[in-house]
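Chain residues, written in single-letter form:
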Amino acid sequence: PRKKSKIQTMKITLASHFGMCFGVRDALRNTYDAATLEPITVLGELVHNPLVAVHLQTLGVRSGNLRERSSSSTDTVVITAHGAADSARRAWSDAGHRIIDTTCPLVKKAHRALECLVLAGYTPVVIGQPDHVEVRGLVGDFPDAVVIQNSDHFPLIPASPKIGVVSQTTQPIDYVEALVEALRENFPDSEVRFTDTVCQPTKDRQRALHELCENNDTIVVVGGCNSNNTTQLAETARSLGCRVWQVERAEDLHAHWFVRSEHVGITAGTSTLDETVHEVTERLREIAVDRRSFRLFDALKALR
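Residues numbered from 1 in each chain as written. Predicted model: local features only at pLDDT ≥ 70, side-chain atom pairs only at ≥ 80, totals over all residues. Heavy atoms only, no water.

Enquirer: In this structure, what is going on with the pairing of strand E5 (residues 98-101)? I would like to understand it.
Expert: If a strand is regular, its side chains alternate between the two faces of the sheet. Relative to E5, strand E4 (residues 76-79) runs parallel, the two sharing 4 bridges. Following the sheet pairing, Val77 is matched in E5 by Ile99. One crossover worth recording links E4 to the parallel E5 by way of helix H3 (residues 86-94), and it is right-handed. (Pairing = 2+ DSSP bridges. Helix = DSSP H or I, 4+ residues; strand = E, 2+ residues; numbered from the N terminus. Right-handed = clockwise from strand over helix to strand, strands pointing away.)

Structure follows, in C-alpha cells:
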C-alpha cells in the first residue's frame, strides 16, 4: 500500500508584544498635527523608521541637525523622540526658535535619573551606543559621563568611590544587569549604584521574543536597520538559536529564506508601524501558501 504523504504548512505566529510603543506613537501624532499648521523642521530622525521619514517629506516636513543651528529654515523645530540635552534645547530657544519636544517620557526619565546620580556625587556611566542620538542626548549635559557597551570599556571609567549607572532605554535588561554585576566585580572598592532606565516596552518585547523563540525555528524582525531596539531583538533571537531575518518592509522578504522553516515567529521594533507588521504577516502567509502548493505537487508526483 502507498504511504500517505503528510504535507506540512508553515505556521506563522505573532509575538505577544511587538511594534510601536506609546512614545513613538505620540511623537508621530504631535509632529503630523504640527505639520498641518505651519512649516516645521525635525532635528534628526523623528523615529528610526525609513517609511516614517518618507511620509514626513510628503507633508513638507524639513530635516535639520540638532547640533547645527543653521540647519533649520523654519521658526519651529522638533526635538525627536530620542530626546536631547537641556543645553541643546536652550541653544535653539536662545536662537529664537519655537520648540516642539516629542521626547519619549521614558527617555526623559532616564535623563532625570542620570542627573540625580550626578547631583548625589556619583561618577556617571551610561550603558549604550556612544554614537546613538539618545545616548548623545543623555550625556550632553554631563561632560564627565562615560559611555560603555561592554567590559572592554571598563578602563575608560576613572577610579571613583561612587559610580552611578543608567542605561540607554532600548538595551536588553538581561545584558545591562549582567554588565552592572561585572562592573561591581571589577570595581570592588567602589559603590556601584544602578538605576534601571530600560523602558518597559523594550522589556515587554524582549520577554515576548524569548517566548516566541521557544516554539519557532525562524524569527522575522520588522523595523528600521538603524533602530537599536530592532537590532537588539534580532541579536537576541540569534543567540537563542533561531534563524533570523530582519526586514524593513514586506518587499524585503524572499521566499527562499523559508524553505526549511516550519514555524515562523514575527516581532517588531518600537518604531515599526502597525500596517508594516500587517503587510509582512500577509506576505509570509502568501509564501506559506505557495510553499505548500509546491510540496503538494512534489508529493503527488512521488505517489505516481
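More follows now that the structure is in view.
Enquirer: How should the confidence of the model for the protein chain be read in this particular structure?
Expert: Detailed conclusions should not be drawn from predicted coordinates in areas where pLDDT is low. Looking at the protein chain as a whole, the pLDDT averages 92, with 93% of positions reaching at least 70. Here residues 1-7 is modelled with pLDDT under 50, and outside its nearest four sequence neighbours on either side it reaches 9 contacts, counting other chains as well. In the model, residues 296-304 has pLDDT below 50 throughout and makes 7 contacts with residues more than four positions away in sequence or in other chains. (pLDDT = per-residue confidence, 0-100. Contact = heavy atoms within 4.5 Å.)

Enquirer: Please clarify how the sheet that holds strand E1 (residues 11-14) should be interpreted in this entry.
Expert: Pairing in this open sheet of 4 strands is parallel, and the strands run E1-E12-E10-E11 from one edge to the other. Both edges of this open sheet fall to E1 and strand E11 (243-247), since each of them pairs with a single strand only. Taking each pair of neighbouring strands and ignoring which way they run, the sheet shows an average axis angle of 20°. For E1 and strand E12 (residues 263-268), the ladder comprises 4 bridges, and the chain directions are parallel. Each bridged residue has a counterpart across the sheet, and for Leu14 the counterpart in E12 is Ile266. The strands touched by helix H7 (residues 200-214) within the sheet are E1, strand E10 (218-222) and E12, with E12 carrying the most contacts at an inclination of about 175°. (Axes fitted to C-alpha atoms, helices over the stretch in contact; angles between N-to-C directions.)

Enquirer: Could you clarify how one ought to interpret helix H6 (residues 173-186) in this entry?
Expert: The α-helix winds at 3.6 residues per turn, so residues separated by three or four positions along the chain end up facing the same way. Its 14 residues place the ends of H6 20 Å apart at the C-alpha level, agreeing with the 20 Å of an ideal helix rising 1.5 Å per residue. For H6, the full list of buried residues reads Ile173, Val176, Leu179, Val180, Ala182 and Leu183. Structurally, H6 contributes buried residues whose contacts are with strand E6 (123-127), strand E7 (146-148), strand E8 (162-167), strand E9 (191-194) and H7. (Expected span 1.5 Å × (residues − 1). Buried < 20%, exposed > 50% of the residue type's maximum accessible area, 1.4 Å probe, protein only.)

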